[in-house]
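Architecture and fold: a report
Here are the chains, one letter per residue:
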Amino acid sequence: VTVDLLVTGARFADGSEGSVAISGDRIVSVGADAVDAADAAEAAEVVDAGGRLVTPGLVDCHTHLVFGGDRAAEYEQRLAGASYEEIARAGGGIMSTVRRTRAAGEDELHDAAASRLAALASSGVATVEIKSGYGLDLDTELAMLRVARRLQTTTGVRVVTTFLGAHTVPEEWAGRADEYIDFVCSTVLPAVASEGLADAVDVFCDRVAFTPAQAERVLRAAASFGLPVKLHADQLSEFGATALAARHRALSADHLEHADEAAVAALAGAGTVAVLLPGAAYMLADSARPPVAALRAAGVPMAVATDANPGTSPLLSLPLAMHMACRLFGLTPLEALDGATVHAAAALGLGGEVGVLAAGAAADLVIWDAASPAELVYWLGRNLCHAIVRKGSVVS
Ligand SMILES: [Zn+2]
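First, a word on scope: everything that follows refers to the structure included in this document. Throughout this description, residue numbers start from 1 for each chain and increase along the sequence as written. Totals for whole chains, interfaces and linings use every residue, but because this is a predicted model, local features are given only for residues with pLDDT of at least 70 and side-chain atom pairs only at 80 or more, for both listing and counting. The basis for the side-chain values is all heavy atoms of the structure; hydrogens and waters are excluded.

Description of the coordination of the zinc ion
The protein atoms that coordinate the zinc ion are His-62 (NE2), His-64 (NE2), His-232 (NE2) and Asp-307 (OD), at distances spanning 2.1 to 2.4 Å. Counting along the primary sequence, the residues that act as donors to the zinc ion give the motif H-x1-H-x167-H-x74-D. Here the residue His-64 occupies a position in the loop between strand E6 (58-60) and helix H2 (72-79), and His-232 occupies one in strand E10 (residues 229-233), the gap between them amounting to 168 residues. The same class applies to His-64 and to His-232, which are both buried. With water omitted from the atoms examined, metal sites may look incomplete; donors here are N, O and S atoms no farther than 2.8 Å from the metal, or 3.2 Å in the case of Na, K and Ca. What counts as a helix is a DSSP run of H or I of at least four residues, what counts as a strand is a run of E of at least two, and both are numbered from the N terminus. Summary of the burial criterion: residues with accessible area below 20% of their type's maximum are buried, those above 50% are exposed, and those between are partly exposed, where the area comes from a 1.4 Å probe applied to protein chains only.

Below is the structure:
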């Protein structure tokens, strides 16, 4: 076997030590006997990890990275005690982001998102999911997804796209949510599908967005185009959204702050990944917690993501999200690491391809200035990336 890159002196998350051998953009072997001495001697490039922790490149499986403007001024109002309703009446909230996104050109959207994606990538993220959902009209939804696709080329980070046309009812459709769902299913989604712009379809199913019946129409339409589905589920109230995700064998059900035990059992039966988003709970100072103990007991895989978005989670470090998942939601450090790698990959339908150090997987890995997963989630605000390998190349 030709070894183009050999990472030696690696300490893996389970405490074992060894090497990772890479050929082209693929891992060819991992562990104490990753390569024999002859192949090691002929490796084109050798990087000594020096006993540092080596993990798969991180996978951020839930973000809204493409948007116009920001909501820092709104956050300042919230810190001063303004309510969500007061902010919305003053022209803030999600519709302010929709207006800014519609007004921005594609280059402007791209450049702002590329800067945010660079921050995420420097925190160890090699694969990112990016949703639409701030256009809420045909042209801007398509533009957001084109920008997301373009980011893969311009940044080198693997990008998975999700169509979230049913994010909220835009103001020009106020009071006509069912008609807006008609528009999403019969006009926007077919255009997205015909241009191949989305890898999956998501719906925000909650009391401030769409009912389970409305969400189900979008899920059915997605299935008719052969697209897998996921849901923003039960973030603000128990709304039947997690059970709906399970019924449709969704790739993931995301948020789950108000999911009940019956919904957890349904997820387990469906093989759906639970995606935990502690940044939003932190930013909103929301005391509701996803049912982690029940998810763990039922064997539901738990992913951890940033939910990077301008309103409720302006979080651009996946290790910091992992810290929050431990501190706020009660995950162990190893669960948080699995949540940002192997389970996040499954939430994107990329299990075995990314988020794992194994022969045949993509050659994405991070060498950390840390000795263990515990140290990774322990430091706050310290970038622990020592070196990053993406697609078989050392990028930093
Ligand atoms: Zn979200």
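Observations concerning the packing of aromatic side chains
Pairing of aromatic rings covers Phe, Tyr and the six-membered ring of Trp, with a centre-to-centre limit of 6.5 Å; geometry is then stacked below 30 degrees between planes, edge-to-face above 60, and tilted otherwise. Scanning all chains against the criterion turns up six aromatic pairs. Ring plane angle 45° and centroid distance 6.0 Å describe the contact between Tyr-180 and Phe-183, whose orientation is recorded as tilted. You can see Tyr-180 and its partner Phe-183 sitting in helix H7 (residues 177-194), three residues apart, about one turn around the helix. Summarising the burial analysis for this pair, Tyr-180 and Phe-183 share the class buried.

Focus: the pairing of strand E15 (residues 385-390)
Buried residues dominate E15, accounting for five of its six residues. Only strands that DSSP links by at least two bridges are regarded as paired with each other. The sheet contact formed by strand E14 (residues 365-368) and E15 spans four bridges and is antiparallel. Paired with Leu-365 across the bridge in E15 is Val-389. Across two bridges, the pairing between E15 and strand E16 (residues 393-394) is antiparallel. Each residue of the ladder has a partner; that of Val-389, found in E16, is Val-394. If you look at the hairpin formed by E15 and E16, you'll find two residues sitting between the two strands, and Lys-391 has a positive phi there, around 50°.

Overview of the sheet that holds strand E9 (residues 200-205)
A sheet is described by the order of its strands in space; here eight strands give the open sequence E6-E7-E8-E9-E10-E11-E12-E13, paired in parallel fashion. Each end of this open sheet is capped by a strand with a single partner; those strands are E6 and strand E13 (302-304). Going from strand to strand, the sheet's axes swing by 25° on average, the running direction of each strand aside. Across four bridges, the pairing between E10 and strand E11 (residues 252-255) is parallel. Fitted lines through C-alpha atoms give the axes, limited to the stretch in contact for helices. The angle between two N-to-C directions lies from 0 to 180 degrees.

Some remarks on the state of the cysteines
Throughout, disulfides are identified as pairs of cysteine sulfur atoms within 2.5 Å of each other. In this structure the tally under the stated criterion is zero disulfides. For the unlinked cysteine Cys-326, the closest cysteine sulfur is that of Cys-61, found at 15 Å. Since its relative accessible area comes to 17%, Cys-326 is described here as buried.

A word on unusual backbone geometry
Even without being a glycine, Leu-256 presents a positive backbone phi close to 70°. Among the secondary structure elements, Leu-256 is positioned in the loop between E11 and helix H10 (261-270). Take Leu-256: its relative accessible area is 1%, and that puts it in the buried class.

Some remarks on the nonpolar core
Nonpolar cores are built from buried Ala, Val, Leu, Ile, Met, Phe, Trp, Tyr and Cys residues. Side-chain atoms within 4.5 Å join them into one set. One finds Val-128, Leu-151, Phe-163, Leu-231, Leu-295, Leu-331 and Trp-368 to be the most contacted residues of the largest nonpolar core, which totals 100 residues. For this core, the leading source of residues is H7, giving 10 residues. It only takes one pair of heavy atoms within 4.5 Å for two residues to be counted as in contact. For Val-128, the residues in contact, after removing those within four places along its chain, are Asp-60, Thr-63, Leu-65, Leu-117, Leu-120, Val-157, Arg-158, Val-159 and Val-160. In this structure, Val-20, Ile-27, Val-54 and Ile-367 belong to the second largest nonpolar core, which totals 16 residues.

Describing the pattern of salt bridges
Note on definitions: salt bridges are taken to be side-chain nitrogens of Lys or Arg within 4 Å of carboxyl oxygens of Asp or Glu. One pass over the structure, following the stated rule, counts 21 salt bridges. For Glu-106, the salt bridge is made with Arg-146, and the minimal N-O distance between the two is 2.7 Å. Linking Glu-106 in helix H5 (residues 106-122) with Arg-146 in helix H6 (residues 138-155), this pair joins segments that are 40 residues apart in sequence. On the basis of relative accessibility, which here comes to 27%, the residue Glu-106 falls in the partly exposed class. In the salt-bridge network here, residues are joined through shared partners; they are Asp-25, Arg-26, Arg-158 and Glu-353.

Let's talk about the packing of H6 against H7
Following both chains from N to C, one finds H6 and H7 inclined at 35°, their axes separated by 10 Å at the closest point. Note that H6 runs across H7; the crossing there is right-handed. Contacts between H6 and H7 involve Leu-138, Glu-141, Leu-142 and Leu-145 on the former and, on the latter, Phe-183, Thr-187, Val-188, Ala-191 and Val-192. Tallied by class, the residues present in the contact of H6 with H7 amount to seven nonpolar, one polar and one charged. Left-handed describes a crossing whose near helix is turned anticlockwise from the far helix through less than a right angle; right-handed describes the clockwise counterpart. All residues other than Ala, Val, Leu, Ile, Met, Phe, Trp, Tyr, Cys, Pro, Asp, Glu, Lys and Arg, Gly among them, are scored as polar; the first ten of these are nonpolar and the last four charged.

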